[in-house]
Amino acid sequence: MADDVLTLHEAAEELGVHYMSAYRYVRLGLLDATKRGGVWKVERSSIAAFRAGSNRSPVAAGNRAPWSERLESRLIGGDAQGAWGVIEKAMASGMGLDRVYLDVLTPALVRIGERWDAGELDIAIEHRASGIAMRIIGQIGPKFVRRGRSRGVVIVASPTGEQHGLPLAMLSDLLRLEGWEVTDLGADLPAPSLVRLMQDTPDAVAIGLSASSPESLAALAEMCAAVSAAAPQLLVVLGGGAIQDRDHAVALGGHDWATTSEQMSDLIEAHLAAQGRVVQNEVAAD
């Protein structure tokens, strides 16, 4: 009966949507899924049930204002002030910082990317939207830093040829919210530069590498090899839309695979515990 159970990536393909759209359906409770061994699993019966009810409004089902759709409209229109206004109103409604990224900003950017890929939007519109999104992240990013003792330093980067820096920026903030100190080296980074930075960061506990484009996978594999040779004790976690599953991540040279900051945080904790190291998780009161 294994054919009746799909990964979330496979479910997304079955539904004809991007992975993050399927993930959003799960988060909103529209698509039934269970997490097994850190991986989302979806039964075919759940896909059928989702299709049967696909004419429902996700916003109505989730009892939420359509913040993401509103943000998408502002981003496509190049309305930076209006886009920030949507974010401010979402936060004023009580939405947590992590949900702003996962339920508002990410789905809006995914849909814009899908529309560009379908030829509906010019690349200039997509670039302008990404620029506005990066400024939004710059405005709310400092709010993600938790007071108190750091749990350890995590370095995140993307290899040479990978141009998508927004996923790294959001991952960095979400990991900071989990209590980690994050060094974000951005996209299109040569492997030797990462190794030099690692050598200057003796308290690093993990490396997060992201690839959104299949064309950057060869460079990602080279980066994994360079990291493992220079610091075999560091956990290397791969993520991004170009990574299919854990087996794919391991084949590229990573130790594990994560699709969310929570998964990555759990993997780091487990890695440190296996080494007999205590993970600090203290947060100072506001």
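In case you missed it, the structure is sitting above this.
First, a word on what this report is: a plain description of the structure on this page. In this text the structure is predicted, and so the values were computed from the model without any measurement.

Focus on the overall build of the chain
Next, step 1: For the chain, the count of helices and strands is 13 helices and eight strands.
Next, step 2: Oriented by its inertia axes, the alpha-carbon framework of the chain measures out at about 50 × 50 × 40 Å.
Next, step 3: Burial status across the chain gives 47% buried among its 286 residues.
Next, step 4: Taking the average location of the 26 positive side-chain charges in the chain and that of its 36 negative ones, the two points are 7 Å from each other.

Description of the packing of aromatic side chains
Next, step 1: Evaluation of the coordinates by the stated rule reveals one aromatic pair.
Next, step 2: A cation sits over an aromatic face here: Arg-70 above Trp-67, 5.0 Å from the ring centre.

Quick look at the nonpolar core
Next, step 1: Within the largest apolar cluster, 31 residues are counted, with the highest numbers of intra-cluster contacts made by Leu-71, Leu-75, Ile-87, Tyr-101 and Leu-105.
Next, step 2: If you list the elements that add at least two residues to this core, you get helix 5 (67-76), helix 6 (80-92), helix 7 (97-117), helix 8 (123-140) and helix 9 (166-177).
Next, step 3: The leading source of residues in this core is helix 7, at nine residues.
Next, step 4: Beyond its immediate stretch of four places on either side in the chain, Leu-105 contacts Leu-71, Val-100, Ala-133, Ile-137 and Met-170.
Next, step 5: Core analysis: the second largest hydrophobic core is formed by 25 residues, Ala-191, Leu-220, Ala-231 and Trp-257 among them.

Let's talk about the pairing of strand 4 (residues 153-157)
Both faces of the sheet carry side chains from a regular strand, because those side chains alternate between them.
Next, step 1: Burial analysis of strand 4 places five of its five residues in the buried class, the great majority of the element.
Next, step 2: The alternating pattern of strand 4 places Val-153, Ile-155 and Ala-157 on one face and Val-154 and Val-156 on the opposite face, and all of these are buried.
Next, step 3: Pairing of strand 4 with strand 5 (residues 181-184), which is carried by four bridges, proceeds in the parallel orientation. In the strand pairing of strand 5, Val-156 is matched with Asp-184.

Reading the values: rules and limits
Each chain has its residues counted from 1, running along the sequence as written. A pLDDT threshold of at least 70 governs which residues receive local features in this predicted model, and a stricter bar of 80 or more applies before side-chain atom pairs are shown or counted, although totals over entire chains, interfaces and linings include all residues. Derived side-chain values reflect all non-hydrogen atoms in the structure, with water molecules and hydrogen atoms excluded from consideration. Strands here mean DSSP runs of E at least two residues long; helices mean DSSP runs of H or I at least four residues long; both are numbered from the N terminus. Each residue is assigned to one of three classes by its accessible area relative to the maximum for its type, calculated with a 1.4 Å probe on protein chains only: buried under 20%, partly exposed between the two thresholds, exposed over 50%. Here Asp and Glu are counted as negative and Lys and Arg as positive; His is not counted, and neither are the chain ends. Here the site of a charge means atom NZ of a Lys, CZ of an Arg, CG of an Asp or CD of a Glu. Put simply, two rings from Phe, Tyr or Trp (the six-membered ring, in Trp's case) pair if the centres are within 6.5 Å, and we call them stacked under 30 degrees between planes, edge-to-face over 60, tilted for the rest. Two limits define a charge over a ring: the Lys NZ or Arg CZ must be within 6 Å of the ring centre, and within 35 degrees of the ring normal. Joining through side-chain atoms within 4.5 Å is the link that ties buried Ala, Val, Leu, Ile, Met, Phe, Trp, Tyr and Cys residues into a set, and such a set is a nonpolar core. Contacts are assigned to residue pairs that have any heavy atoms within 4.5 Å of one another. DSSP-based pairing: two strands are paired if at least 2 bridges between them are found.

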